[in-house]
Amino acid sequence: MWQGLQSITDYKKKTSPVADHDVLLPDKLNNFFARFEDNTVPPTRPATKTCGLTFTAANVRKTFKCVNPRKAAGPDGIPGRVLRACADQLAGVFTDIFNQSLSQSAVPTCFKRATIVPVPKKAKVTELNDYRPVALTSVIMKCFERLVKDHITSILPDTLDPLQFAYRPNRSTDDAIAITLHTALTHLDKRNTYVRMLFIDYSSAFNTIVPSKLVIKLETLGLDPALCNWVLDFLTGRSQVVRVGNNISTPLILNTGAPQGCVLSPLLYSLFTHDCVAKHASNSIIKFADDTTVVGLITNNDETAYREEVRALGVWCQENNLSLNVSKTKEMIVDFRKQEREHPPIHIEGTVVEKVESFKFLGVHITDKLNWSTHTDSVVKKAQQRLFNLRRLKKFGLSPKSLTNFYRCTIESILSGCITAWYGNCSAHNRKALQRVVRTAQRITGGKLPALQDTYTTRCHRKAKKIIKDNNHPSHCLFTPLSSRRRGQYRCIKAGTERLKNSFYLKAIRLLNSHH
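Because the structure is predicted, anything quoted here is derived from the model rather than measured.

### Thoughts on empty space enclosed by the protein
Then step 1. If you walk through the whole model with that rule in mind, you get three cavities of 30 Å³ or more.
Then step 2. By volume, the largest cavity is sized at about 220 Å³.
Then step 3. If you go around the largest cavity, you meet 18 residues; those closest to its centre are Asn 207, Gln 240, Leu 254, Thr 256 and Pro 259.
Then step 4. Counting residues per element, the ones that place at least two in the lining of the largest cavity are β1 (114-120) and β4 (238-244).
Then step 5. When the residues that make up the lining of the largest cavity are grouped by side-chain class, the tally is nine nonpolar, six polar and three charged.
Then step 6. One number sums up the size of the second largest cavity: a volume of about 110 Å³.
Then step 7. For the lining of the second largest cavity, the secondary structure elements donating two or more residues are α7 (173-188), α14 (419-422) and α18 (504-514).
Then step 8. Considering each element in turn, the lining of the second largest cavity owes the most residues, four residues, to α7.

### Regarding the layout of surface pockets
The rolling of a water-molecule-sized probe over the atoms marks out the regions of remaining empty space.
Then step 1. By volume, the largest pocket amounts to about 920 Å³.
Then step 2. For the largest pocket, the lining is made up of 32 residues, of which Lys 121, Asp 201, Tyr 202, Asp 290 and Lys 328 are closest to its centre.
Then step 3. Taken together, the residues of the lining of the largest pocket sort by class into twelve nonpolar, eight polar and twelve charged.

### Regarding the packing of helix α12 (residues 373-395) against helix α13 (residues 400-415)
Then step 1. At a minimum axis distance of 9 Å, the contact between α12 and α13 shows a crossing angle of 170°. When the axes of α12 and α13 are compared, the pair comes out roughly antiparallel. On α13, the residues touching Val 379, Lys 382, Ala 383, Arg 386, Leu 387, Asn 389, Leu 390, Leu 393 and Lys 394 of α12 are Leu 403, Phe 406, Tyr 407, Thr 410, Ile 411, Ile 414 and Leu 415.
Then step 2. Residue composition of the contact of α12 with α13, by class: eleven nonpolar, two polar and three charged.

### Examining the packing of aromatic side chains
Then step 1. This model, assessed by the stated rule, comprises 15 aromatic pairs.
Then step 2. With a centroid separation of 6.1 Å and 40° between ring planes, the pair formed by Phe 94 and Phe 98 is classed as tilted. Placement of both Phe 94 and Phe 98 in helix α5 (residues 87-104) is noted, with a separation of four residues, approximately one turn of the helix. The pair Phe 94 / Phe 98 is uniform in exposure class, with both members buried.
Then step 3. On the basis of an interplanar angle of 45° and a centroid distance of 5.1 Å, the ring pair of Tyr 423 and Tyr 456 is categorised as tilted. One end of the pair, Tyr 423, is in the loop between α14 and α15 (428-445); the other, Tyr 456, is in helix α16 (residues 452-469), and 33 residues separate them in sequence.
Then step 4. Looking at Tyr 423, the relative accessible area reads 3%, which means it is buried.

### Considering the UniProt feature "domain: Reverse transcriptase" (unreviewed entry) in the protein
Then step 1. Look at the UniProt record and you will see "domain: Reverse transcriptase" (unreviewed entry) annotated at residues 100-366.
Then step 2. Regarding residues 100-366, the helix share stands at 31% and the strand share at 25%, and the terminal C-alpha atoms are separated by 51 Å.

### Let's talk about the nonpolar core
Then step 1. Of all hydrophobic cores here, the largest spans 68 residues; its most connected members are Phe 55, Phe 98, Ile 152, Tyr 202, Leu 227, Trp 230 and Phe 234.
Then step 2. In contact with Trp 230, not counting residues within four places along its chain, are Ser 101, Leu 102, Ser 105, Ala 106, Val 107, Met 141, Phe 144, Val 148 and Leu 264.
Then step 3. By size, the runner-up hydrophobic cluster in this structure holds 65 residues, among which are Ala 178, Phe 406, Tyr 407 and Tyr 456.

### Some details on the domain arrangement of the protein
Size of an interface: often given as the accessible area lost when the parts come together.
Then step 1. What the domain assignment reports for the protein is domain 1 (173-203 + 273-367), domain 2 (372-449) and domain 3 (461-514).
Then step 2. Each of domain 1 and domain 2 has a C-alpha centre, and the two are 33 Å apart.
Then step 3. The partner domain 2 presents nine residues to the twelve residues of domain 1 that form the contact.
Then step 4. Between domain 1 and domain 2 the total buried area reaches about 820 Å² when both faces are included, carbon and sulfur atoms providing 70% of it.
Then step 5. It is Asp 174, Val 364 and His 365 that lose the most area in domain 1 upon contact with domain 2, and together they represent 57% of the buried surface on that side.
Then step 6. Run the count over domain 1 and domain 2 and you get zero salt bridges.
Then step 7. Counting across the domain 1 and domain 2 interface gives three residue pairs in polar contact (both at pLDDT 80 or more).
Then step 8. Of all elements in the fold, only α7 and β14 (364-367) reach the threshold of two or more residues within the side of domain 1 that touches domain 2.

### Section: the pattern of salt bridges
Then step 1. Applying the stated criterion to the full structure yields 14 salt bridges.
Then step 2. Measuring nitrogen to oxygen at the nearest pair gives 3.3 Å for the salt bridge that ties Asp 88 to Arg 61. With Asp 88 in helix α5 and Arg 61 in helix α3 (residues 57-65), this pair connects stretches of sequence that are 27 residues apart.
Then step 3. The partner of Glu 303 in a salt bridge is Arg 307, with the nearest N and O atoms 3.0 Å apart.
Then step 4. Within the structure, one salt-bridge network assembled from shared partners comprises Arg 196, Glu 303, Arg 307 and Glu 331.

### What about the pairing of strand β3 (residues 193-200)?
Then step 1. Most of β3 is tucked away: eight of the eight residues are buried.
Then step 2. Burial of the side chains of β3 extends over both faces: Thr 193, Val 195, Met 197 and Phe 199 are buried on one face and Tyr 194, Arg 196, Leu 198 and Ile 200 on the other.
Then step 3. Bridge count between β3 and strand β8 (residues 291-299): eight bridges; the pairing is antiparallel. Counted as the bridge partner of Val 195 is Leu 297 from β8.
Then step 4. Pairing of β3 with strand β9 (residues 330-334), which is carried by five bridges, proceeds in the antiparallel orientation. Within the sheet, the bridge partner assigned to Arg 196 lies in β9 and is Ile 333.

Conventions used here
Residues numbered from 1 in each chain as written. Predicted model: local features only at pLDDT ≥ 70, side-chain atom pairs only at ≥ 80, totals over all residues. Heavy atoms only, no water. 1 Å grid on protein atoms, 1.4 Å probe; cavity = no way out; pocket = protein on both sides within 12 Å on 5 of 7 lines; lining within 4 Å. Points joined across faces, edges and corners; volume = space filled by probe spheres on them. Helix = DSSP H or I, 4+ residues; strand = E, 2+ residues; numbered from the N terminus. Nonpolar A, V, L, I, M, F, W, Y, C, P; charged D, E, K, R; others polar. Axes fitted to C-alpha atoms, helices over the stretch in contact; angles between N-to-C directions. Parallel < 35°, antiparallel > 145°, perpendicular 65-115°, else oblique. Contact = heavy atoms within 4.5 Å. Phe/Tyr/Trp six-rings, centres within 6.5 Å; stacked < 30°, edge-to-face > 60°. Buried < 20%, exposed > 50% of the residue type's maximum accessible area, 1.4 Å probe, protein only. UniProt positions renumbered as here; feature names shortened; annotations may be inferred. Core = buried A, V, L, I, M, F, W, Y, C linked by side-chain atoms within 4.5 Å. Domains from an automatic or database assignment. Buried area = accessible area lost by both parts, 1.4 Å probe. Salt bridge = Lys/Arg side-chain N within 4 Å of Asp/Glu carboxyl O. Polar contact = N/O pair within 3.5 Å; in protein donor to acceptor, adjacent residues only side chain to side chain. Pairing = 2+ DSSP bridges.

So, in structure tokens, the structure goes:
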């Protein structure tokens, strides 16, 4: 059904395909994507006792049956639908292969091959950096990685890297934005304070992971040394080609980085960066995958701790082979004091970091005034463009139910993205503009649609209850239960400004208390 809807509406037009008339382009791209490769021989590690990790045929069968049949096949040409359909017949054979691989701490070479399909990041490509490398790897290996990933996550402490909000249950961009705003707003409630936010940009973060450094960190986290050797073998000696149309590049052997497209890569990246934490209590380093934000809380104009934090982060990046992209790194200063002051710029690697008045932070436009006009204007404009598609579908005679489904997936999802983090502090004018889109969609669909205020309230309440149930959530401590006589009630957080009062956590506590 969705393919038909997309065809009718021209929804999500594909970016212009990469031209394949340039036969040299695949080799150029392959060399560019491998630019962080240092061409060193993979390090050999001392032999250890056999890895104690083994999988049963039932584990493998279950993983095969969960394969998405729509996913593209890797270089071996084995499609996911085959593994899914023949899971019972293939599980035994691959269980033996997987367990043998673990016992020898070696990954079969055919499982490590990757075909890179370059996807343009924008409509008009002007340089090699405008392509995103998407790796097609063996579906069988992805199943193997998923089993290993589940094992690694089961033995890691839940308290590890609490401010990494990606790749973890009950964590999302909403949480990362909400805790960033709460940290800033709570500090700004005090006298003679301001906040500096440094939005870090890394150059191809996943491609710069040094496997030998990663396995040392894995061992310090308590992973079996033999499994660490398996991870080292998994990340080294990888054959990579780039395919553009019918042209394929010459293979390169890589010993650095984790391919984007591998199941294990996100987890390995977050473990590689788990020790990138704030050195000073007045700073926070908030991470969502490779999106890193340094939040410096400044009091009485003393920026010493913040500047030391930025310097320490630069040193950490050098020690861990991560390349800071200073030209794309931005800083935003939030200062509500009446007397305007000049804030000296931050330097990274001798280059001044550009100061901005607004920044798109994890999909949400945040400004130095902490108002949401820029974000709501952007959201309304995008949603209104989708209303055209909704009208077009109605002309084709789609039922109200199908029109409502289309609205919820393509328009409401835009209007309500990370809504718990920003809607509470929206102005009345912004809220009217957002609700106007909902009313227009309601007239087109012919059915009743939920008001954004109701969506916001429902999601705040639901998210608060999830945080309360999760003792390891970094925001769990903000929900302090009152005495047993007032069961289900939570201590209100004091707020001196409307900005803090209308923020997510304070709103969520009021909602929880009003339900009892």
